[in-house]
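# Descriptive analysis of the structure
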There are 2 protein chains.
Amino acid sequence: MQVFEYPQKEEWADLLKRPENDLSGLFNKVQTILDEIKKDGDTAVRKYSEKFDGYAAEEILVSKSEIDEASLNVSSQLKEAIYKAKLNVEKFHEAQIIPERVVETMPGVVCRQKCVPIEKVGLYIPGGTAPLFSTVLMLAVPAKIAKCKEIVLCTPPGKDGKINPAILYTASLVGVTKIYKIGGVQAIGSMAYGTDTVPKVDKIFGPGNSFVTAAKQLVSLKDVAIDMPAGPSEVEVLADDSANPAFIASDLLSQAEHGVDSQVILITNSKTLISEVQIELRNQLDLLPRKEIASKALDNSRIILLNETAEMIEMTNSYAPEHLIIAMKDEDSIADQITNAGSVFVGNYTPESAGDYASGTNHTLPTHGYAKAYSGVNLDSYLKKITFQKISPNGLKIIGPSIEQMAGEEQLHAHKNAVTIRLKSLE
Amino acid sequence: MQVFEYPQKEEWADLLKRPENDLSGLFNKVQTILDEIKKDGDTAVRKYSEKFDGYAAEEILVSKSEIDEASLNVSSQLKEAIYKAKLNVEKFHEAQIIPERVVETMPGVVCRQKCVPIEKVGLYIPGGTAPLFSTVLMLAVPAKIAKCKEIVLCTPPGKDGKINPAILYTASLVGVTKIYKIGGVQAIGSMAYGTDTVPKVDKIFGPGNSFVTAAKQLVSLKDVAIDMPAGPSEVEVLADDSANPAFIASDLLSQAEHGVDSQVILITNSKTLISEVQIELRNQLDLLPRKEIASKALDNSRIILLNETAEMIEMTNSYAPEHLIIAMKDEDSIADQITNAGSVFVGNYTPESAGDYASGTNHTLPTHGYAKAYSGVNLDSYLKKITFQKISPNGLKIIGPSIEQMAGEEQLHAHKNAVTIRLKSLE
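Residues numbered from 1 in each chain as written. Chains lettered and ligands numbered in written order. Predicted model: local features only at pLDDT ≥ 70, side-chain atom pairs only at ≥ 80, totals over all residues. Heavy atoms only, no water.

Moving on, we come to the overall build of chain A. Assigned secondary structure in chain A consists of 17 helices and 14 strands. On the principal axes, the C-alpha backbone points of chain A span a range of 85 × 60 × 45 Å. Expressed as a percentage of the 427 residues in chain A, the buried residues total 63%. Restricting to contacts in chain A with at least 6 residues of sequence separation, those with at least 24 account for 75%. Here chain A has roughly 15600 Å² of accessible surface; of this, 49% comes from carbon and sulfur atoms. Between the mean site of the 44 positive side-chain charges and the mean site of the 56 negative ones, chain A shows a separation of 9 Å. (Helix = DSSP H or I, 4+ residues; strand = E, 2+ residues; numbered from the N terminus. Buried < 20%, exposed > 50% of the residue type's maximum accessible area, 1.4 Å probe, protein only. Contact = heavy atoms within 4.5 Å. Areas by Shrake-Rupley, 256 points an atom, 1.4 Å probe, with all protein chains shown as cover. Lys, Arg positive; Asp, Glu negative; His and termini not counted. Charge placed at Lys NZ, Arg CZ, Asp CG, Glu CD.)

Printed below as a string of structure tokens:
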């Protein structure tokens, strides 16, 4: 990791710069595939599945017997772990239920805000080396709590046409309604437009490579909502001399093993900690199966030494990390001052992996500084808020003249007349 | 208005079709302007303001004295109306404040969800014939309640370099921090990238023409969040024979006067009502200053006659209107069955204009069927939800083994090790 000591404020922006997240170079290519899926449906999905993923399943809908078989191939230890994690994720997301708000803003003018589930949601789970059943948990549990009627999941099978059993087991456990063997741009296109086999959904969730991300962006322009824009995963650690260097190194490495483009930053006010963490990094790195990936990610990563706690907090809020670990003496008061982050891990015994799997918080979080304006996935992501108003004749007498005044001033006379005509009927 | 009697279900999709909302034809042109603003800042803003809006203000930041002068030019009646509307919008949006959620998911595992204001928001208010000071109210009041630090507003001045006094007065009343005389793509670009004069914001809100909408979509791909995708405004009226045909006609017309592309739909189970409404439409239309616009919009609008209440509700949820007026005997029970709509107006004395101006609900709402997945602007639109977790050593002993099990199974060994190394230290 590169070390920067006491950088001037003018240098901060450069230091915290992320690689450009510009997918527009992919847009033409991805749009062509999307257009074909919109036009030819399942036929186009099969064609591109064969081309990109090397398979063409006869039946892309996963059957009940495949799910039953998968369950036999998941160890009871893993089932127990998934079950415990599910309970925690459920508890935390159930606590996010918002009651209906009813306000009588003026006598006879009653306004309500009501949360209503998005009817059909689509979850994308990438394939590849790591079978991300934890992401199934994170995306489907809140959908179920929100009472979404249709929860569709797309994930690419291996070349043998099979989906990892832990993914199938988790999807079935948490109540996914339909699972399809489709990956990549094809999966996003199928769920955005619908095909004869795959239902069109109202919102698409989930991570993916740059093609999937570009496809999500393109369909979000007019066809369907998406969870959030995505970029490479990130962690920032805020630490002082009370931190345990071995713990810090293990956290930095768990981010670094995600991919060579992972962003890892350590901000500290302790020079000693820096050297200790670097020694730990070397030692721990050697033991990792994904050593090469992690090592490349660390090459692009930064350690920043600052003087004051206030500066450390300011820099953090200006970076807006996806994950933030706070390992400092005043951990709670510092956590209170964090205004831009996806999820925050407070104290020496709260590794990022806790939130990645099982503490109860969601692990689908805003990267690339999007934490300045976006929330991570939460119960709200599966709901929309509809407002209602009901005005009594007396209420309209009270509020009507203000509406007439304002509508007249905006030169919208039909708007004004909709009130006038009612008030006249009450005379 | 075209009348469709008892259409078959297979015909519904065609009947409810909106005009294509495809802005991609504008993207190249708009992107070129955005790129220039990103590169040249204020210079490019001046160039395009001159080109498109026919002015080039020396000083684009509105001064204190301009605001004071504007206040003198707003009548006391209008001030009072705006003040009353502001109180209602405040009451309804204050009721949307969500307390921090704290859940101990397992002993020693404490998870929190906290709402934090988006620091900098940008509001766009279009120019043109109607001075939309009501939109200033709708966009700035919740920003203030959310405690956003910087509330920037851009709006194009007239050719005389002046902004409508009602807009300036309202902006100042509700606590907008900076007002700039910039319109169109230039406004969106300035707020997305920042210039020497205009601060970069984290999220952009507000309506606009197709150029503004295209610009918002383009900057949302990687630079800044936006409130929601936008299309032409819409109203649907659900009515039976208990409805007042004159009221219905006045509501249809208040949507129709917005623009020739406005969408207006009446769904009813009463043949008599249809003829009565048509007579009322002709009579009321003649009295409107914006008669030509409204009349063109009505030509593209539809009246649909159905048999059953259940069908009427199903069709409504499948259309997902921006505004929905319910003028039926069982108005409350029907309102309860609405699952896709922006804002709902219940009963004979609740015209859409009430919500447009003063009832308390927000008038920035999802059009084009986006109500299936998007909420209208509400307090949440100005907040992001950050999660926190804090695990005690004992908590980690309880939850740790599940994390190790899951991380190992996903082949993310550094994730596993971040737990193992901590558990070992506790042995």
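The strands that make up a sheet are held in pairs by hydrogen bonds between backbone atoms, and each pair lies either parallel or antiparallel. If you walk across this open sheet you meet the nine strands as 1(A)-11(A)-10(A)-9(A)-12(A)-13(A)-14(B)-3(B)-2(B), and the pairing is mixed. What marks the edges here is a single partner per strand, and that holds for strand 1 (2-5) of chain A together with strand 2 (101-106) of chain B. Across the sheet, the axes of successive neighbouring strands diverge by a mean angle of 20°, strand direction being ignored. Where strand 1 of chain A and strand 11 (residues 302-305) of chain A come together, four bridges link them in parallel fashion. Within strand 11 of chain A, the residue paired with Val3 of chain A across the bridge is Ile303 of chain A. Strands strand 9 (234-239), strand 10 (263-268) and strand 12 (323-327) of chain A of the sheet are contacted by helix 10 (residues 245-256) of chain A, whose axis makes an angle of about 155° with strand 10 of chain A. Sheet contacts for helix 16 (residues 393-409) of chain B: strand 2, strand 3 (109-117) and strand 14 (383-391) of chain B; angle to strand 14 of chain B, the most-contacted strand, approximately 95°. (Pairing = 2+ DSSP bridges. Axes fitted to C-alpha atoms, helices over the stretch in contact; angles between N-to-C directions.)

Mapping chain B onto chain A leaves a residual RMSD of 0.0 Å; the transformation is a rotation of 180° accompanied by 0.0 Å of translation along its axis. Between the two chains, the operation in question is that of a two-fold axis. For chain B, the smallest separation between a C-alpha atom and the rotation axis is recorded for Ile98 of chain B, amounting to 4.0 Å. Of the residues that chain B buries at the interface, 100% are likewise interface residues in chain A, meaning the two copies contact each other through the same surface. (Least-squares fit on C-alpha atoms with pLDDT ≥ 70 in both.)

All names here are of chain A. Buried within helix 12 (residues 291-299) are the following residues: Ala294, Ala297 and Leu298. All buried residues of helix 12 project into a common sector of 100° when viewed along the axis, lining one side. Seen from the open side of helix 12, the exposed residues pointing more than 90 degrees away from its buried face are Glu292 and Asp299. Buried positions along helix 12 lie against helix 10 and helix 11 (271-285). (Arc of directions from axis to C-beta.)

A covalent bond bridging the sulfur atoms of two cysteines is what the word disulfide describes. Going through the model one piece at a time under the given rule, you end up with zero disulfides over all chains. Not part of a disulfide, Cys111 of chain A finds its nearest cysteine sulfur in Cys115 of chain A, a span of 16 Å. Free of any disulfide, Cys115 of chain B has its nearest cysteine sulfur in Cys148 of chain B, 12 Å distant. (Disulfide = S-S within 2.5 Å.)

Time to look at the packing of aromatic side chains. The tally for this structure, following the rule as stated, stands at eight aromatic pairs over all chains. Taking 5.8 Å as the distance between ring centres and 85° as the angle between the ring planes, the aromatic pair formed by Tyr370 of chain B and Tyr374 of chain B counts as edge-to-face. Residue placement shows Arg112 of chain A over the ring face of Phe388 of chain A; its charged tip is 4.4 Å from the ring centre. Residue placement shows Arg18 of chain B over the ring face of Tyr319 of chain B; its charged tip is 3.9 Å from the ring centre. (Phe/Tyr/Trp six-rings, centres within 6.5 Å; stacked < 30°, edge-to-face > 60°. Lys NZ or Arg CZ within 6 Å of the ring centre and 35° of its normal.)

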